[in-house]
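# Fold and geometry: a report
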Amino acid sequence: MTMKTLLLASALLAGLFGSLAAAPAPPAPSTYNAFCRTQWLFASPCAQINTTIVMQIQAMSPQYELVSVIADAIKANHTSVDGLQAETLTFFFSSTVMIGGCRVTAMSTSLGFTSILDNGLNYCNLYNLLSASGLTSSPGFMEMTNEWACLSYGLATCRV
Ligand SMILES: *[C@@H]1O[C@H](CO)[C@@H](O)[C@H](O)[C@H]1NC(C)=O
Ligand SMILES: *[C@@H]1O[C@H](CO)[C@@H](O)[C@H](O)[C@H]1NC(C)=O
C-alpha cells in the first residue's frame, strides 16, 4: 500500500469507529415473550388430526383450556400447575400437497414472562399434548423446528 492509501484507509476506519461510538445505544429490549413455533407433518387428513388435538386439549383440562375452534385454527390456553405461568397456544392446519396429509403449525407463547430461558416450557406445552394423544406415533409423523423458532428445543425433556 502506498502512504496515500494507508492514510485514506485509516481515515475511513477512524470515521467508521467514530460514528459507531457516536451512535445512540440500542434501545433496551422490550418485554420478551418466550415462545416455541414448530411444524408437524402427518400422513392423515387434517379433519382427523384437528379433532384429536381438540379432544386432547379438553381431556387435559384445567391445565389446557380450549379458547376457540375455527375452520383451520385452534386456540387454547395453558396454565402451569402452580398457576404462575400462562401461555397461549395456536394450531394452524393445512393439507399437504401429498393427498391426505396434514401440516400443523403450532405455537406456544408465554404471557408476561420476561426471561428468555423457559426451560422448554413452550415446547413441552405443544409436545406433551401431541404425545398424550398418541399423535407422535401416528403414520408419517415428523417434527420440524430448531432452537431459533423454538426456545430450548433439543434441550427440553418433556414430562406428560
Ligand atoms: C377439522 O377440519 C375439518 C376439515 O378441514 C373441518 O371441517 C372441521 O371444522 C375441523 N374441526 C376442528 C375441530 O377443527
Ligand atoms: C385464555 O387466556 C387469555 C389471556 O390470558 C384470557 O384472556 C382468556 O380468558 C383465556 N381463555 C380461557 C378460555 O381460559
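Residues numbered from 1 in each chain as written. Chains lettered and ligands numbered in written order. Predicted model: local features only at pLDDT ≥ 70, side-chain atom pairs only at ≥ 80, totals over all residues. Heavy atoms only, no water.

### A few points about the confidence of the model for the protein chain
The condition that has to hold: For every residue, the predictor assigns a confidence score, pLDDT, that lies between 0 and 100. A run of DSSP states H or I qualifies as a helix once it reaches four residues; a run of E qualifies as a strand once it reaches two. Both are numbered from the N-terminal end. Whether two residues are in contact is decided by their heavy atoms: any pair within 4.5 Å suffices.
On average, residues of the protein chain carry a pLDDT of 82, and 77% of them reach 70 or more. When mean pLDDT is compared element by element in the protein chain, helix 2 (residues 46-59) scores highest at 97, while helix 1 (residues 3-22) scores lowest at 48. Of the regions scoring below 50 in pLDDT, residues 11-23 engages in zero contacts with residues more than four places distant in sequence or in other chains. Across residues 25-30 the pLDDT falls below 50, and counting only partners more than four positions away or on other chains, this stretch makes zero contacts in the model.

### Here's the deal with the site of ligand 1
Basically, it comes down to this: Neighbouring residues are identified by heavy atoms, a residue being near a molecule or strand if any of them is within 4 Å of it. N or O atoms within 3.5 Å of each other form a polar contact, as long as, within protein, one can give a hydrogen and the other can take it, and as long as residues adjacent in sequence are counted only when both atoms are side-chain atoms. Asp, Glu, Lys and Arg are counted as charged, while Ala, Val, Leu, Ile, Met, Phe, Trp, Tyr, Cys and Pro are counted as nonpolar; the rest, among them Gly, fall into the polar class.
Close to ligand 1 lie Ala47, Asn50, Val54 and Val69, which account for all nearby residues. Separating an oxygen atom of ligand 1 from a side-chain N or O atom of Asn50 is a distance of 2.3 Å. Per-element accounting of the shell around ligand 1 gives the leading share, three residues, to helix 2. Broken down by class, the residue content of the shell around ligand 1 amounts to three nonpolar, one polar and no charged.

### So, the nonpolar core
Rules: Residue types Ala, Val, Leu, Ile, Met, Phe, Trp, Tyr and Cys, when buried and joined through side-chain atoms within 4.5 Å, form a set referred to as a nonpolar core. Relative accessibility decides the category of a residue: with a 1.4 Å probe and only protein chains considered, values under 20% of the type maximum give buried, values over 50% give exposed, and everything between is partly exposed.
Counting residues in hydrophobic clusters, the biggest one holds 25 residues, and the most contacted among them are Trp40, Ile49, Ile53, Ile57, Phe91, Phe93 and Val104. Residue assignment for this core shows that the elements contributing at least two residues are strand 1 (35-42), helix 2, strand 3 (73-79), strand 4 (86-95), strand 5 (102-111) and helix 3 (121-132). Among all residues touching Ile53, those that are not within four sequence positions of it are Trp40, Ile74, Phe91, Phe93, Leu129, Leu130 and Leu135.

### Thoughts on the state of the cysteines
How we decide: The disulfide definition used here is simple: a pair of cysteine sulfur atoms within 2.5 Å.
Using the criterion set out here, one finds three disulfides in the structure. Two residues, Cys36 and Cys150, share a disulfide whose sulfurs are 2.1 Å apart. With the S-S dihedral at roughly -95 degrees, the linkage between Cys36 and Cys150 falls on the left-handed side. With a gap of 114 residues between them, Cys36 in strand 1 and Cys150 in the segment after strand 6 (142-144) connect regions that are remote in the sequence. Residue Cys36 is classed as buried on the basis of its relative accessible area, which comes to 0%.

### Some thoughts on the site of ligand 2
Heads up, the rule is: All accessibility values rest on the Shrake-Rupley procedure with a 1.4 Å probe; residue burial counts only the protein chains present in the view.
Close to ligand 2 lie Glu65, Leu66, Val67, Asn77 and Leu111. For ligand 2, the protein covers 38% of the area, taking 370 Å² as the surface of the free molecule. For the shell around ligand 2, the element with the highest residue contribution is strand 2 (residues 64-70), accounting for three residues. Within the shell around ligand 2, the residues separate by chemical class into three nonpolar, one polar and one charged.

### A few points about unusual backbone geometry
Trans peptide bonds make up the majority, and among non-glycine residues the majority have a negative phi. A cis amide bond links Ser61 with the next residue in sequence, Pro62, at an omega value of 5 degrees. Tracing the backbone shows Pro62 in the loop between helix 2 and strand 2.

### Quick look at the sheet that holds strand 4
What counts here: Strands qualify as paired when DSSP identifies two bridges or more between them. The convention used is that axes are lines fitted to C-alpha atoms, helices contributing only their stretch in contact, and that angles between N-to-C directions extend from 0 to 180 degrees.
Spatially, 2-3-4-5-1-6 is the arrangement adopted by the six strands of the open sheet, whose pairing is antiparallel. Looking at which strands have only one partner, the edges of the open sheet turn out to be strand 2 and strand 6. Strand-to-strand twist of the sheet, defined as the mean angle between neighbouring strand axes without regard to direction, takes the value 20 degrees. Together, strand 1, strand 2, strand 3, strand 4 and strand 5 form the strand contacts of helix 2, whose direction differs from that of strand 4 by roughly 165 degrees.

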